[in-house]
Amino acid sequence: MMHHRKWTSLKGAGLLAAALLAQTALSSGARAEDRAQLMQEHRGGTMTLSAVSAAGTVDPMINYTAQFWQVFQMTYDGLLKFKQADRKEGFEIVLDLAEALPEPQDDGKTYVFKLRKGIKFSNGKDVTASDVVASFQRIFKINGPTSGSFYNNIVGADKCLKDGATCTLEGGIEGDDAAGTVTFHLVEPDSEFFDKLAVPHATILPADTAAKDLGTEAPPGTGAYVIASYDPNDKMVLKRNPEFKEWSVDAQPDGYPDEIVYRFGMTEEAAINAIQNGQVDWMFDTPPADRLPELGTKYASQVHVNPLAAFWYAPMNTNLAPFDDVRVRQAVNYAIDRDALVGLFGGDVLAQPVCQILPPDFPGHVDNCIYTQDPGPEWSAPDMEKAKELVKESGTAGQKVTVIAEDNATSRAIGTYIQSVLSELGYDATVKAISPNIQFTYIQNTENKVQISVSQWYMDYPAASNFLNVLLSCASFTPGSDSSINIAGYCNKDLDAKMKAAMAQSITDPDGANAEWAKIDTAFMEQAPLAPLFTPKNVDFTSARVGNFIFSNQFRWVISQSWVK
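In this text the structure is predicted, and so the values were computed from the model without any measurement. (Residues numbered from 1 in each chain as written. Predicted model: local features only at pLDDT ≥ 70, side-chain atom pairs only at ≥ 80, totals over all residues. Heavy atoms only, no water.)

Enquirer: Please provide a residue-by-residue account of the environment of Trp517, values included.
Expert: Structurally, the position occupied by Trp517 is in helix H16 (residues 510-527). A C-alpha to C-alpha distance of 7.4 Å links Trp517 and Met499, two positions 18 residues apart in sequence. Aside from chain neighbours lying at most four places away, what touches Trp517 is Leu358, Gly364, Ala464, Ser465, Leu468, Met499, Ala502 and Met503. (Helix = DSSP H or I, 4+ residues; strand = E, 2+ residues; numbered from the N terminus. Contact = heavy atoms within 4.5 Å.)

Enquirer: Give a detailed account of the pattern of salt bridges, specifying residues and quantitative values.
Expert: Following the criterion strictly, the structure yields 19 salt bridges and no others. Between Asp59 and Arg138 there is a salt bridge, and its shortest N-O distance comes to 2.6 Å. Placement of Asp59 in the loop between strand E1 (46-51) and helix H3 (66-75) and of Arg138 in helix H4 (residues 129-141) is noted, with a sequence separation of 79 residues between them. Just as Asp59 is buried, Arg138 falls in that class too. (Salt bridge = Lys/Arg side-chain N within 4 Å of Asp/Glu carboxyl O. Buried < 20%, exposed > 50% of the residue type's maximum accessible area, 1.4 Å probe, protein only.)

Enquirer: I'd like to hear about the confidence of the model for the protein, residue by residue, with values.
Expert: Per-residue confidence for the protein averages 92 on the pLDDT scale, and 94% of its residues sit at or above 70. Contacts for the low-pLDDT stretch residues 2-30, under 50 throughout, to residues beyond four places or in other chains number 83 contacts. (pLDDT = per-residue confidence, 0-100.)

Enquirer: Can you break down the state of the cysteines residue by residue, with the values?
Expert: Inspection of every chain in the model, using the stated rule, returns three disulfides. Note that Cys474 is cross-linked by a disulfide to Cys491, the S-S spacing being 2.0 Å. Linking Cys474 and Cys491, the disulfide has an S-S dihedral of approximately 95° and is accordingly described as right-handed. Placement of the pair is Cys474 in the loop between helix H14 (465-472) and helix H15 (493-508) and Cys491 in the loop between H14 and H15, with a sequence separation of 17 residues. Each disulfide of the protein joins two cysteines, and with those cysteines numbered along the sequence the arrangement is 1-2, 3-4, 5-6. (Disulfide = S-S within 2.5 Å.)

Enquirer: I'd like to hear about the sheet that holds strand E10 (residues 282-283), residue by residue, with values.
Expert: Strand pairs in the sheet, formed through backbone hydrogen bonds, run parallel or antiparallel to each other. Pairing within the open sheet is mixed, and its five strands lie in the order E7-E8-E9-E1-E10. Two strands bound the open sheet, and with one partner strand each, they are strand E7 (225-231) and E10. The pairing of E1 with strand E9 (residues 259-264) spans six bridges and is parallel. If you follow Thr48 over to E9, its bridge partner there is Val261. Packing of H3 onto the sheet brings it into contact with E1, E7, strand E8 (235-240), E9 and E10, and relative to E7 it is tilted by some 140°. (Pairing = 2+ DSSP bridges. Axes fitted to C-alpha atoms, helices over the stretch in contact; angles between N-to-C directions.)

Enquirer: Tell me what's going on with the packing of aromatic side chains, and back it up with residues and numbers.
Expert: Going through the model one piece at a time under the given rule, you end up with 35 aromatic pairs. Judged by centre distance (5.6 Å) and plane angle (55°), the ring pair of Phe150 and Tyr461 falls under tilted. In this pair, Phe150 is assigned in the loop between H4 and helix H5 (157-162) and Tyr461 in the loop between strand E17 (455-458) and H14, connecting sequence segments 311 residues apart. When sorted by exposure, Phe150 lands in the same class as Tyr461, which is buried. On the numbers, 5.6 Å between centres and 20° between planes, the contact of Trp312 with Phe534 is stacked. Here Trp312, found in strand E12 (residues 310-315), pairs with Phe534, found in strand E18 (residues 530-541); they are 222 residues apart in sequence, far enough to count as distant. Through a chain of ring-to-ring contacts, the aromatic side chains of Phe68, Phe72, Tyr76, Tyr230, Tyr262, Phe264, Trp282, Phe284, Phe549 and Trp557 assemble into a single cluster. (Phe/Tyr/Trp six-rings, centres within 6.5 Å; stacked < 30°, edge-to-face > 60°.)

Enquirer: Give me the lowdown on the nonpolar core, citing residues and values where you can.
Expert: Grouped together as the largest cluster of nonpolar side chains are 163 residues, with contacts concentrated most on Phe68, Phe113, Phe136, Phe184, Met236, Ile418 and Leu422. Each residue touching Leu422, except ones within four places of it in the same chain, is listed here: Phe323, Val332, Val401, Val403, Tyr427, Ala429 and Ile452. (Core = buried A, V, L, I, M, F, W, Y, C linked by side-chain atoms within 4.5 Å.)

Enquirer: Give me the lowdown on the packing of helix H9 (residues 326-335) against helix H11 (residues 384-394), citing residues and values where you can.
Expert: Relative to each other, H9 and H11 sit at 165°, their axes nearing to 8 Å. Considering their axes alone, H9 and H11 lie roughly antiparallel with respect to each other. Of the two elements, H9 crosses H11, and the hand of that crossing is left-handed. Residues Arg327, Val328, Gln330, Ala331, Tyr334 and Ala335 of H9 form the contact with H11, whose own contacting residues are Met384, Lys386, Ala387, Leu390, Val391, Glu393 and Ser394. Taken together, the residues of the contact of H9 with H11 break down into eight nonpolar, two polar and three charged. (Parallel < 35°, antiparallel > 145°, perpendicular 65-115°, else oblique. Left-handed = near helix turned anticlockwise from the far one by under 90°. Nonpolar A, V, L, I, M, F, W, Y, C, P; charged D, E, K, R; others polar.)

Rendered as structure tokens:
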């Protein structure tokens, strides 16, 4: 997933840390109260959200951004879903369109789901087993960004990956409309199969949904809300789904606001002022760091700080000079000052340095920093001498390098910083900032010949493979595609085999598998297809009228469960 962030230099961030962190502990609580009464008291009104920019297509099988995945929680459903609940409870997988969790058959290679009865799409049509089958075929027909990494274990997927247009997933999925059942056949057991069914790319859409990127036209869904209109240059409007009847509070709860308006184009500074004035209820982008002391003191009850399983990183194109030389990629890792980047992001209240691909406290993470002045468990300082030595050995100094960043304050500042590091290493470096609305797809497409870029990854679900396998497996590299999530274009069949083995091991021995993932993480870092920069924390600033703020570790603020009246 991707996300947009705001940068402003900050001095004295520590002054607000206590206020913000203390507030976090107070940010939830109303959920235990009687929901029916709360609904009676608070249901209704219009909630207004703000973001510097939109996040591209509203096709839930294509969009891979944290910004719109948060919206899709209210509008779409899969067979399973992550619980719409606070903090770690948000990692729990619950039943959504399926009425029961199937027992694995055939040694974990077959699952039979039974659909709930009486659920309709927002266009009035019943949800059927045929819709489920067609939805999974559509993932391949549109060459979805996770078709190769999430769903390639379904029987028949290999053929669909080669020729998406004619995809049937023959032998891999069967629907029985009369019985209301859907049967999946997997090539091999998959310990993360349920996780993969619970993310928005496994959304169930009507069978007749066009097999192309739907762009600004949202398809019918089953959620509590529908996207009534969407103009990426102006706003998105969500209204209540007239066909919705709550079937699971955990999976798809009825929402409090009658209408949600998501405005695009307002700067972070303007959004802060609008929230303070009660004209806007929340901003997607992180508040500028130099405004945080004011927010932490005057508006402490409206600020919510929560840690994220994510990292900012710089993918390096391993198929283009100078980064097709491992010594250059290692040099960049040695040369980057992570503390400086944390400072650029707003200080240690908002981020911490990282040396690895798996985030701290994530399954498979073991502290191990190899590119630093004193290699050990933690990052200490850059080693510019070592970095320059590697560049000299590579004989690549003097080459032209362009850093591609998003055109917002944070990403641009980080891109400029990396440009300065590359210049110091002897390259003719420039930085190019392009619209956040298209940067993510741009840096993924090999046709654009991007050498190095600034990107972010936010976990889809809590498993090591969701970072390592998704970002760096051979299957995630699709030349010429806008959705080739292996941006570095790195393909190592030996590490692919080790990842496959770790995923198989995790079915029966998750702890042993996580030990293997730690080794794989280190092995990737030795080859350095990317440079990890820092891991961010999430800061939400809400208006005074927003009540019942719930933060899920999976999808962050559960928008529909807050009220504005």
